[in-house]
Amino acid sequence: MATGTLTIDLDALARNWKALDRASGAGVETGAVVKADGYGLGGDRVARVLAQAGARRFFVAAAEEGAQIRNALGPGPQICVFSGHMAGDTDMIGDLDLVPMLNSVDQLTRHMEGLPGRAFGIQLDTGMNRLGLEPAEWAAVRDIVLAAGPVLIMSHLACADEPGHPANLQQLTAFREMTDGCAVPRSLSATGGVLLGPNYHFDVTRPGMGVYGGLPFPEAEPVVGLSFPVIQTREVQPGESIGYGYTFTAPERRVVATVTAGYADGMHRALSNRGQLWFEGTPCPILGRVSMDLITADITHLGTVPPALDLLCPEQGVDAVADTAGTIGYEIMTSLGRRYARRYVGGAGT
Ligand SMILES: *Cc1c(COP(=O)(O)O)cnc(C)c1O
């Protein structure tokens, strides 16, 4: 028995991508970021649906993820690898026709020697200090690199989810200074950058999280539902406690339901005594600690024994759960458990 059922609305996913494609504007190509197994939803299904919706360029973090996406899509769509050309990845990159976004002079050398003449892109660091060539390095190799014909030059915004943050304009200016006149397609924006406006769009946008239904795209349609079967219910008398550490003691009689998921399924332990599960529009507070495989919730007020309780539902999306757990929707999505049964709805023809 699976520890929960993850329902993935592939039509909502496609609509979110199309909405971000429209927001990217005419003449701008909208790619799709499908790293981390499609933000936890199944990289192959997600990639096929987005390819059908019109995406032609996909982005992953690592070459292995690129292999999964290539197998799902077949030849044709471009698959770019953010981590670039890592030692040991040459055969995979070559055989599966992946496009490494080269991040350093070392990677440039490895690519030119290992796969001469094969497609590559360039990643520049414009201030985030995480990945990519720095301005001085870029200035030193720029002419040689441009002569070799990169297919894309990109950088990444650190603060795009805060439209007023001064780093956005600083990074935009740095990106322009480093790339103006290059005559190569350019990409700067993930979901947050798409919403910063046309100055940030360049030739290719790369939304991820907005496609999967969360912030920083406030208009995103929810894509994921998550529901846990109730294993057992019991009455807890005043003064009795619940769960590890006895962190909740009932002030009065309570009816408590135990459901089948826990932190091993990505249910953040920070939801202990704070989060809520839902039954048909009614919240049921989590009582006591989230265990590895179990959660206990208050169903006293339901007056019925529900077959299942929901974590993700119309009343409570990933960002609401993330808020309660003190994290971001991205982390909730990418820690969704492998023990869940996955039910895909929509996505006809994929
Ligand atoms: C993850 C990632 C994206 C997508 O970001 P979202 O905020 O999910 O849209 C785009 N570009 C790079 C370099 C990334 O690492």
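Bear in mind the structure is a predicted one, so any value in this text is a computation, not a measurement.

Peer 1: Please provide a residue-by-residue account of the site of the ligand, values included.
Peer 2: In the region of the ligand, 14 residues are neighbours, and Lys35, Tyr39, Thr191, Met209 and Tyr330 sit closest. Arginine 206 places a side-chain nitrogen or oxygen 3.0 Å from a nitrogen atom of the ligand. Glycine 208 has a polar backbone atom sitting 2.7 Å from an oxygen atom of the ligand. Compared with its free state, where it exposes 390 Å², the ligand has 92% of that area covered by protein. Split by residue class, the shell around the ligand holds 8 nonpolar, 3 polar and 3 charged.

Peer 1: Go over the UniProt feature "binding site: substrate" (unreviewed entry) in the protein, please, and point to the residues and values.
Peer 2: Here the UniProt feature "binding site: substrate" (unreviewed entry) sits at Arg130 and Met292. For the annotated residues, spread through 163 residues, the largest C-alpha to C-alpha distance comes to 33.2 Å, inconsistent with a single compact locus. Assignment of secondary structure puts arginine 130 in the loop between β7 (121-123) and α7 (135-148). The residues contacting arginine 130, other than those within four sequence positions of it, are Asp125 and His156. Among the structural elements, methionine 292 can be located in the loop between β16 (282-285) and β17 (295-298). Excluding its chain neighbours within four sequence positions, the residues that come into contact with methionine 292 are Gly262, Tyr263, Ala264, Asp265 and Arg339.

Peer 1: How would you sum up the side chain of threonine 191? Please name residues and give values.
Peer 2: Looking at where threonine 191 falls in the secondary structure, it is placed in helix α9 (residues 191-194). A polar contact of 3.3 Å, which involves the side chain of threonine 191, links it to the backbone nitrogen of glycine 208. Setting aside residues no more than four positions away along its own chain, threonine 191 makes contact with Leu20, Arg206, Pro207, Gly208, Met209, Gly210, Pro216 and Phe217.

Peer 1: Tell me about the pattern of salt bridges, residues and numbers included.
Peer 2: The final tally for this structure, using the stated rule, is 9 salt bridges. Note that arginine 57 is salt-bridged to glutamate 29, the shortest N-O span being 3.0 Å. Taken together, the residues span a long stretch of sequence, with arginine 57 in strand β4 (residues 57-60) and glutamate 29 in strand β2 (residues 29-30) at a distance of 28 residues. On the basis of relative accessible area, arginine 57 is assigned to the buried category, the value being 8%. A residue is classified by how much of its surface remains accessible, and glutamate 29, at 27% relative accessible area, is partly exposed. The shortest N-O distance in the salt bridge between arginine 253 and glutamate 235 comes to 3.2 Å. Of this pair, arginine 253 sits in the loop between β13 (248-249) and β14 (254-259) while glutamate 235 sits in strand β11 (residues 224-236), placing them 18 residues apart in sequence. The class of arginine 253 is partly exposed, set by a relative accessible area of 40%. Residue glutamate 235 is classed as partly exposed on the basis of its relative accessible area, which comes to 46%. A single salt-bridge network, built from bridges that share partners, covers Glu252, Arg254 and Asp298.

Peer 1: Can you break down the environment of arginine 186 residue by residue, with the values?
Peer 2: With respect to the secondary-structure elements, arginine 186 resides in strand β9 (residues 186-187). In this structure the C-alpha to C-alpha distance between arginine 186 and phenylalanine 202, which are 16 residues apart in sequence, comes to 5.7 Å. The contacts of arginine 186, once residues within four sequence positions are left out, are Leu152, Ile153, Phe175, Arg176, Thr179, Asp180, His201, Phe202, Asp203 and Val204.

Rules of the game
- Residues numbered from 1 in each chain as written.
- Predicted model: local features only at pLDDT ≥ 70, side-chain atom pairs only at ≥ 80, totals over all residues.
- Heavy atoms only, no water.
- Near = heavy atom within 4 Å.
- Polar contact = N/O pair within 3.5 Å; in protein donor to acceptor, adjacent residues only side chain to side chain.
- Areas by Shrake-Rupley, 256 points an atom, 1.4 Å probe, with all protein chains shown as cover.
- Nonpolar A, V, L, I, M, F, W, Y, C, P; charged D, E, K, R; others polar.
- UniProt positions renumbered as here; feature names shortened; annotations may be inferred.
- Helix = DSSP H or I, 4+ residues; strand = E, 2+ residues; numbered from the N terminus.
- Contact = heavy atoms within 4.5 Å.
- Salt bridge = Lys/Arg side-chain N within 4 Å of Asp/Glu carboxyl O.
- Buried < 20%, exposed > 50% of the residue type's maximum accessible area, 1.4 Å probe, protein only.

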